[in-house]
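Structural overview for review
Single-letter residue listing:
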Amino acid sequence: MAEEVKLLMTWSSPFALRVVWALKLKGVQFDSIEEDLSNKSPLLLQYNPVHKKIPVLVHNGKPISESLVILEYVDETWRQYPLLPDGPYDRARARFWAKFSDDKVSPSMWGVFIKQGKEREEAFDQVFENLKFLEEELKGKKFFGGEKIGFADLALGWIAERVCVLEEIIGVKIVEEEKFPLVSAWMQEFVKVPIIKESLPPHEKLVTKIRGIREKFIGAA
Amino acid sequence: MAEESVKLLGYWASPFALRVKWALKLKGVHYEYVEENLPNKSPLLLRYNPVYKKIPVLVHNGKPLAESLLIIEYIDEAWKQNPLLPDDPYERANARLWAKFFDEKCVPEVMGAFASKGEEQEKAAKARENLKMLERALEGKPFFGGDKIGFLDIAVGWIGIWGRIVEEIAGVSLIDAETMPLLTAWLNNFLEVPVIKACIPSWHELLEHNKGFHKILTGSST
């Protein structure tokens, strides 16, 4: 049976990128459908009526949303290049760091990105606290997945892919190599992985877009 | 084989700890329960969960795990009897999605109605709207897991108890039998299942405990 895999996404979404990485690592052929989030398509509203968000993976007509849930589905459906490790405890830890990325790291990074003055200093404290946990977790490992990238790396990968963009826009270094040598090394190694490297969104286009988002946010505050 | 050691650090009034208890009981896993004297967090808790510093924490043969839904998935993988998640990847994805929806879109709204002073009706209305959506996942089955209890049942089930407590204390409606017939019927069934019912804390104690919380959160004087 011919398999049909579609991914509703936007070129700049770090959540969609996680799924792109997973599918490419597994060598799964898919059609990417670029969504205009200011004008959501009937397809998106049909496939994700509850959240109305991308990414949505549609596999033989069945939709799945929420990037981390999609990653688990992809891992269970296509068994080549496993993203999660074998043992239950290691799997649970990988899921834990993925959740930590969305629960804690991402909001703290956003705080640093849009806040100013004293509020930004406090946001930095949050970021550093979170990065310390990641630094600890990377001890003795090249990637969170060990020798090669895995579930947690894909979940946290936006740090490697996007922090340099945030730093360029705010003109401040967020992840300093002296403070976080292991996280810094991981960031560099992650974007060197061929599948990751070839999938990175165009840098200048991304900077322009995210700068625009920041200005809008700060302007509205 | 070496003897297995399973410890659950919990708190009697926590619905998140209750979820994990339900999972362990459904699997027939013997465990040692350690009650945390919240808000005084023990050094053990802080050592086992330095990231979030919260219960529940499951410690299996000395290895700690935090975050209740992740713990339940772990329990399901470590003990194969009585599977909680379905076999099919698409159904598993749906179970995880609805559990995430419940935690991220229903629970905060319910807490919002509970903690509000003046806006509780509006927040409860939003909570009801989101809770109603869960009925899509029931699809005429007795339980979210089908014929028997599964992952999503134990993820969501506590709303039947805590929801009623919030209704009583905050004077709102959250689970409405008329507009949510499927959810209401499911809750009535779920909470009567012996292994589920046996773990539920005393209604009276929970009510008093949460009345105290409510006073603090809303700054009420009485």
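Because the structure is a prediction, the values reported are computed rather than measured.

Turning next to the pairing of strand 4 (residues 63-66) of chain B. Residues and elements named next belong to chain B. Pairing analysis gives four bridges linking strand 3 (residues 57-60) to strand 4, with the strands arranged antiparallel. From the neighbouring strand, Val59 faces strand 4, where its bridge partner is Pro64. The turn joining strand 3 and strand 4, which pair antiparallel and follow one another in sequence, is formed by two residues; a positive phi near 50° is taken by Asn61.

Attention shifts here to the UniProt feature "domain: GST N-terminal" (unreviewed entry) in chain B. Summarizing the sequence annotation, UniProt attributes the feature "domain: GST N-terminal" (unreviewed entry) to residues 4-83 of chain B in the numbering used throughout. Along residues 4-83 of chain B, the helical share is 38% and the strand share 21%, with 20 Å between the first and last C-alpha atoms.

With 25 residues of chain B at the interface, the matching set in chain A holds 26 residues. The contact between chain B and chain A buries some 2,500 Å² in all, and 67% of this surface belongs to carbon and sulfur atoms. It is Val51, Tyr52 and Tyr90 of chain B that lose the most area in chain B upon contact with chain A, and together they represent 24% of the buried surface on that side. Where chain B packs against chain A, one counts eight salt bridges. We note a salt bridge from Glu77 of chain B to Arg95 of chain A, for which the minimum N-O separation is 3.1 Å. Put simply, chain B and chain A have 10 residue pairs in polar contact (both at pLDDT 80 or more) between them. Elements that contribute at least two residues to the side of chain B that touches chain A include exactly strand 4, helix 3 (68-78) and helix 4 (89-115) of chain B. With 10 residues, the single largest contributor to the side of chain B that touches chain A is helix 4 of chain B. Residues belonging to the side of chain B that touches chain A are distributed by class as follows: 16 nonpolar, no polar and nine charged.

Turning our attention to the packing of helix 6 (residues 151-170) of chain A against helix 7 (residues 181-192) of chain A. Residues and elements named next belong to chain A. Orientation of helix 6 relative to helix 7, taken along the N-to-C sense of each, is 100°, at an axis distance of 9 Å. When the axes of helix 6 and helix 7 are compared, the pair comes out roughly perpendicular. Between helix 6 and helix 7, the residues in contact are Asp153, Leu154, Leu156, Gly157, Ile159, Ala160, Glu161 and Val163 and Trp186, Met187, Phe190 and Val191, respectively. Classifying every residue of the contact of helix 6 with helix 7 gives nine nonpolar, one polar and two charged.

Where like charges cluster on the molecular surface, the positive patch consists of Lys40, Lys52 and Lys53 of chain A together with Lys105 and Arg136 of chain B. Of note, Lys53 of chain A is situated in the loop between helix 2 (42-47) and strand 3 (56-59).

All right, on to the environment of Val172 of chain B then. All names here are of chain B. Secondary-structure assignment places Val172 in the loop between helix 8 (159-170) and helix 9 (181-192). Along the primary structure Val172 and Glu122 are separated by 50 residues, whereas in three dimensions their C-alpha atoms are 9.5 Å apart. Setting aside residues up to four positions removed in sequence, Val172 forms contacts with Glu120, Gln121, Ala124, Val166 and Glu167.

Once that is clear, we can look at unusual backbone geometry. Of note, the bond from Ile54 of chain A into Pro55 of chain A is cis; its omega dihedral lies within 30 degrees of zero at 0°. Residue position: Pro55 of chain A is located in the loop between helix 2 and strand 3. Note the cis peptide between Ile55 of chain B and Pro56 of chain B, where omega equals 0°. With respect to the helices and strands, the residue Pro56 of chain B is situated in the loop between helix 2 (43-48) and strand 3. In this structure, Glu67 of chain B takes a positive phi of about 80° despite not being glycine. Tracing the backbone shows Glu67 of chain B in the loop between strand 4 and helix 3.

Our next topic: the side chain of Arg96 of chain B. Inspection of the secondary structure assignment puts Arg96 of chain B in helix 4. Note on Arg96 of chain B: relative accessible area 7%, which makes it buried. Apart from residues lying up to four places away in sequence, Arg96 of chain B is in contact with Val69, Glu72, Glu76 and Arg95 of chain A together with Glu73, Leu85 and Phe151 of chain B.

Applying the stated rule across the entire model yields 23 aromatic pairs over all chains. When the ring of Phe144 of chain B is compared with that of Trp186 of chain B, the centres are 4.6 Å apart and the planes differ by 70°; the resulting orientation is edge-to-face. With Phe144 of chain B in the loop between helix 6 (135-138) and helix 7 (151-156) and Trp186 of chain B in helix 9, the pair connects residues that are 42 residues apart, well separated along the chain. Classification of Phe144 of chain B as buried rests on a relative accessible area of 6%. An aromatic cluster of three or more residues is present, and its members are Phe96, Trp97, Phe100 and Phe133 of chain A together with Tyr52 of chain B. One residue, Lys205 of chain A, lies across the ring of Trp11 of chain A, its end atom 4.4 Å from the ring centre. In this structure, Arg214 of chain A is placed above the aromatic ring of Phe113 of chain A, and the distance from its NZ or CZ to the ring centre is 5.7 Å.

Scoring rules and cut-offs
Residues numbered from 1 in each chain as written. Chains lettered and ligands numbered in written order. Predicted model: local features only at pLDDT ≥ 70, side-chain atom pairs only at ≥ 80, totals over all residues. Heavy atoms only, no water. Pairing = 2+ DSSP bridges. Helix = DSSP H or I, 4+ residues; strand = E, 2+ residues; numbered from the N terminus. UniProt positions renumbered as here; feature names shortened; annotations may be inferred. Contact = heavy atoms within 4.5 Å. Buried area = accessible area lost by both parts, 1.4 Å probe. Salt bridge = Lys/Arg side-chain N within 4 Å of Asp/Glu carboxyl O. Polar contact = N/O pair within 3.5 Å; in protein donor to acceptor, adjacent residues only side chain to side chain. Nonpolar A, V, L, I, M, F, W, Y, C, P; charged D, E, K, R; others polar. Axes fitted to C-alpha atoms, helices over the stretch in contact; angles between N-to-C directions. Parallel < 35°, antiparallel > 145°, perpendicular 65-115°, else oblique. Patch = residues over 30% accessible without salt bridge, like charges linked within 9 Å, V, L, I, M, F, W, Y side chains within 5 Å. Areas by Shrake-Rupley, 256 points an atom, 1.4 Å probe, with all protein chains shown as cover. Lys, Arg positive; Asp, Glu negative; His and termini not counted. Charge placed at Lys NZ, Arg CZ, Asp CG, Glu CD. Buried < 20%, exposed > 50% of the residue type's maximum accessible area, 1.4 Å probe, protein only. Phe/Tyr/Trp six-rings, centres within 6.5 Å; stacked < 30°, edge-to-face > 60°. Lys NZ or Arg CZ within 6 Å of the ring centre and 35° of its normal.

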